[in-house]
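# Topology and contacts: notes
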Amino acid sequence: MDNRLFEIDPYAGVSYGLYNSLKGEDGSFEDFLLHYDSTGASKNDSSWLTDLINQDTLTSLSSTTVVEAMNTLGVSALDFGSSSSYFDTQVYAAKMQLMQAFSQRDDYEAMKPLLEQLMG
């Protein structure tokens, strides 16, 4: 099934690769389909990826282990959620979207070393 999708939607292959790089072994093609926005991707809108990163981050932060550790350290969940960690996640998502956009350019191979240095 995934081969047909990749033939119909040229952005799906790249997006599936990004999804796999984020989810690793925890991901599945079905989960990718639940999150992926083909219409948005064709309009250079990768907000589905940002939403996925945010969802995974919030799920991780709401685990009992993290909550217990924060309580032990005396950190309130509200303070933690509004801290720079949330914004770091947003910046990471923006970097991923930027790299995806640059990878579609004709001069990507020439720019790749510079981009990797800037994104570092």
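Structural notes, computed from the coordinates. Note on numbering: residues in each chain are counted from 1, in written sequence order. Two thresholds apply to this predicted model, a pLDDT of at least 70 for residue-level local features and 80 or more for giving and counting side-chain atom pairs, whereas whole-chain, interface and lining totals are computed over all residues. Hydrogens and water molecules were not included; the side-chain quantities draw on all heavy atoms of the structure.

The subject of this paragraph is the packing of aromatic side chains. Paired rings are identified among Phe, Tyr and Trp, the last through its six-membered ring, by centres lying within 6.5 Å, and are further divided according to the angle between planes into stacked (under 30 degrees), edge-to-face (over 60) and tilted (the rest). Summed over all chains, the structure comprises eight aromatic pairs. On the basis of an interplanar angle of 85° and a centroid distance of 5.3 Å, the ring pair of Tyr-16 and Phe-29 is categorised as edge-to-face. Linking Tyr-16 in helix 2 (residues 10–23) with Phe-29 in helix 3 (residues 29–35), this pair joins segments that are 13 residues apart in sequence. Residue classification places Phe-29 among the buried residues on the basis of a relative accessible area of 14%. Through successive ring pairs, a cluster of aromatic residues spans Tyr-16, Tyr-19, Phe-29, Phe-32, Tyr-36 and Trp-48. Strands are runs of DSSP state E lasting at least two residues, helices are runs of H or I lasting at least four, and both sets are numbered from the N terminus onward. Exposure categories follow from relative accessible area, calculated using a 1.4 Å probe and restricted to protein chains: below 20% of the type maximum is buried, above 50% is exposed, and the middle band is partly exposed.

Looking now at the nonpolar core. We define the nonpolar core as a collection of buried residues of types Ala, Val, Leu, Ile, Met, Phe, Trp, Tyr and Cys that are connected through side-chain atoms lying within 4.5 Å of one another. Ranked by internal contacts, the top residues of the largest apolar core, which has 15 residues, are Tyr-19, Phe-32, Tyr-36, Trp-48 and Leu-49. At the level of secondary structure, the elements contributing two or more residues to this core comprise helix 2, helix 3, helix 5 (47–61) and helix 8 (84–103). Setting aside anything within four residues of it in sequence, one finds Trp-48 in contact with Ser-15, Tyr-19, Phe-32, His-35, Tyr-36 and Asp-37. Any two residues having at least one pair of non-hydrogen atoms within 4.5 Å are treated as being in contact.

Turning to the environment of Met-96, a few remarks are in order. Relative to the helices and strands, Met-96 is located in helix 8. Sequence separation between Met-96 and Ser-46 is 50 residues; the distance between their C-alpha atoms is 9.4 Å. Apart from residues lying up to four places away in sequence, Met-96 is in contact with Leu-18, Ser-21, Leu-22 and Leu-49.

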